[in-house]
Amino acid sequence: MCVCVNVVCLLNAQSLMPLMFGSLARLLSALVIQPAATISTILYYSDLLPRNLVINLDRLVRHEFLDPQNYFFNFLVNVMRCFW
């Protein structure tokens, strides 16, 4: 029983690894290539930007970063929304 459970956990971890690695790569590449746009997008979707600045910063917000497959970006936005 224990061996079967470990094998199932291992198979699930291996199938999730490419999804998480791709999401992490997208987040890191966005942070390196467009750091201001990435940070402003995270703050915008976390509701941490003052609403009177959103008009001026709207050109920096990249709505394509909020793709459902971008797991780490969504996780970061939700953590910031909950704790700040």
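Residues numbered from 1 in each chain as written. Predicted model: local features only at pLDDT ≥ 70, side-chain atom pairs only at ≥ 80, totals over all residues. Heavy atoms only, no water.

1. Section: the pattern of salt bridges
Working step 1: In the structure shown here, the tally under the stated rule is one salt bridge.
Working step 2: Note that Arg26 and Asp67 form a salt bridge whose closest N and O atoms lie 3.1 Å from each other. Here Asp67 lies in the loop between α3 (54-57) and α4 (71-83) and Arg26 lies in helix α1 (residues 2-33), a separation of 41 residues in the sequence. (Salt bridge = Lys/Arg side-chain N within 4 Å of Asp/Glu carboxyl O. Helix = DSSP H or I, 4+ residues; strand = E, 2+ residues; numbered from the N terminus.)

2. A few points about a nonpolar patch on the surface
Working step 1: On the surface, a cluster of nonpolar side chains totalling about 410 Å² of accessible area is made up of Leu48, Phe83 and Trp84.
Working step 2: You can see Leu48 is positioned in the loop between α2 (35-45) and α3.
Working step 3: With a relative accessible area of 31%, Leu48 lands in the partly exposed category. (Patch = residues over 30% accessible without salt bridge, like charges linked within 9 Å, V, L, I, M, F, W, Y side chains within 5 Å. Areas by Shrake-Rupley, 256 points an atom, 1.4 Å probe, with all protein chains shown as cover. Buried < 20%, exposed > 50% of the residue type's maximum accessible area, 1.4 Å probe, protein only.)

3. With respect to the confidence of the model for the protein chain
Working step 1: Averaged over all residues, the pLDDT of the protein chain is 77; the fraction at 70 or higher stands at 76%.
Working step 2: Taken as a whole, residues 1-11 scores under 50 in pLDDT and shows zero contacts with residues more than four places along the chain or in a different chain. (pLDDT = per-residue confidence, 0-100. Contact = heavy atoms within 4.5 Å.)

4. Regarding the nonpolar core
Generally speaking, a soluble globular protein has its nonpolar side chains buried in company with each other.
Working step 1: By size, the foremost hydrophobic cluster in this structure holds nine residues: Leu27, Ala30, Ile42, Tyr45, Val61, Phe65, Phe73, Val77 and Met80.
Working step 2: Those elements that place two or more of their residues in this core are α1, α2 and α4.
Working step 3: When residues in this core are grouped by element, the largest group, three residues, is from α4. (Core = buried A, V, L, I, M, F, W, Y, C linked by side-chain atoms within 4.5 Å.)

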